[in-house]
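Understanding the architecture of this molecule
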Amino acid sequence: MLNPPLPAVTVTEPASLSVWRIFLVFSRIAMTGFGGVMPFAYRALVEQYRWLSAEEFARYLALSQVLPGPTICNVALMIGKRYAGIAGALAAVAGLIIGPFLLVIALGVAYQRFGDLAMVQDALRGMTAVAAGLVLTTAVKMAMSLFDKRGKDGGTGKPDKGKMPGRQMGLHVVLMTLAFAGLALLKWRLIVVFALLALPGSVAAYFLKDKNG
């Protein structure tokens, strides 16, 4: 029996946000993002505040991956610019940097003094496992959003799109598998994997979409 479709996430998109609110939200994301900010950013921006849909977050992340600079900073720039212009973009990046900068300095001083203790080493190993789990969970959620593109039609509650056609789904699976093989198994550089897959993948997606209407 087929699983029932997942409920659509309604994105709450205000016309604008204050610069201060953007700064506070990204500061909170940065200060709670031990082991990697991206899972916490997904939870806050998609699930908690609903500033982005899962599909929009995936698009921002994909674009940020191929731009120079830290990925999360690129995502923050685009979201801040979307809701509050240039000032919002600067506030988002400042929120990501200022708090962690001060915290890392304090933790660095503490680690130099207590880092050789067995208790500290055990705690770091435990945090590594938790961070890996958070990253994996975020990846699974984003992958699921690619395969279940259900939206709402003008607030009527009726889905305007069903699941993607089988050929498009197959293409996504193939591209994700090849990217995983190139990065994780063959240890190729990200730019090499992107150069090999982006153009043929984009062309194939275009023709499949056109063929399926």
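Residues numbered from 1 in each chain as written. Predicted model: local features only at pLDDT ≥ 70, side-chain atom pairs only at ≥ 80, totals over all residues. Heavy atoms only, no water.

Comments concerning the overall build of the protein chain
- Across its full length, the protein chain carries seven helices and zero strands.
- Traced from its N-terminal end to its C-terminal end, the protein chain shows the element sequence α-α-α-α-α-α-α.
- Across the 213 residues in the protein chain, those meeting the buried criterion constitute 28%.
- Across the protein chain, contacts joining residues at least 24 apart in sequence account for 55% of those joining residues at least 6 apart.
- Carbon and sulfur atoms form 69% of the exposed surface of the protein chain, whose accessible area is close to 13,900 Å². (Helix = DSSP H or I, 4+ residues; strand = E, 2+ residues; numbered from the N terminus. Buried < 20%, exposed > 50% of the residue type's maximum accessible area, 1.4 Å probe, protein only. Contact = heavy atoms within 4.5 Å. Areas by Shrake-Rupley, 256 points an atom, 1.4 Å probe, with all protein chains shown as cover.)

What about the pattern of salt bridges?
- What the rule picks out here adds up to three salt bridges.
- With a closest N to O distance of 3.4 Å, Arg59 and Glu55 form a salt bridge. With Arg59 and Glu55 both in helix H3 (residues 54–65) and four residues apart, the pair spans about one turn of that helix.
- For Arg82, the salt bridge goes to Glu56, with nearest N and O atoms at 3.4 Å. One end of the pair, Arg82, is in helix H4 (residues 71–114); the other, Glu56, is in helix H3, with 26 residues separating them in the sequence. (Salt bridge = Lys/Arg side-chain N within 4 Å of Asp/Glu carboxyl O.)

What to know about unusual backbone geometry
- Notably, Arg50 is not glycine yet its phi reads approximately 60°, a positive angle.
- Residue position: Arg50 is located in the loop between helix H2 (38–48) and H3.
- Residue classification places Arg50 among the partly exposed positions, given a relative accessible area of 35%.
- Of note, Lys187 is a non-glycine position whose phi angle comes to about 60°, a positive value.
- Position of Lys187 relative to the elements: it lies in the loop between helix H6 (166–185) and helix H7 (190–211).

A closer look at the confidence of the model for the protein chain
- With 81% of its residues at a pLDDT of at least 70, the protein chain reaches an overall mean of 78.
- With pLDDT under 50 throughout, residues 1–9 is counted as low confidence; its partners more than four residues away or in other chains account for eight contacts.
- Considering only residues more than four positions removed or in separate chains, one finds that residues 150–162, a stretch of pLDDT under 50, has 18 contacts. (pLDDT = per-residue confidence, 0-100.)

Re helix H1 (residues 19–32)
- When the terminal C-alpha atoms of H1 are compared, their 20 Å separation across 14 residues agrees well with the 20 Å that a helix rising 1.5 Å per residue should span.
- For H1, the full list of buried residues reads Ile22, Val25, Phe26, Ser27, Ile29 and Ala30.
- Against the buried residues of H1 lie H2 and H4. (Expected span 1.5 Å × (residues − 1).)

As for the packing of aromatic side chains
- For the coordinates displayed, the defined rule picks out four aromatic pairs.
- Between Trp20 and Phe23 the ring centres are 5.6 Å apart and the planes differ by 20°, which places this aromatic pair in the stacked class. Of the two residues, Trp20 and Phe23 are both situated in helix H1; the distance of three residues between them amounts to about one turn of the helix.
- Among the aromatic residues, those joined into a ring-pair cluster are Tyr49, Trp51 and Tyr83. (Phe/Tyr/Trp six-rings, centres within 6.5 Å; stacked < 30°, edge-to-face > 60°.)

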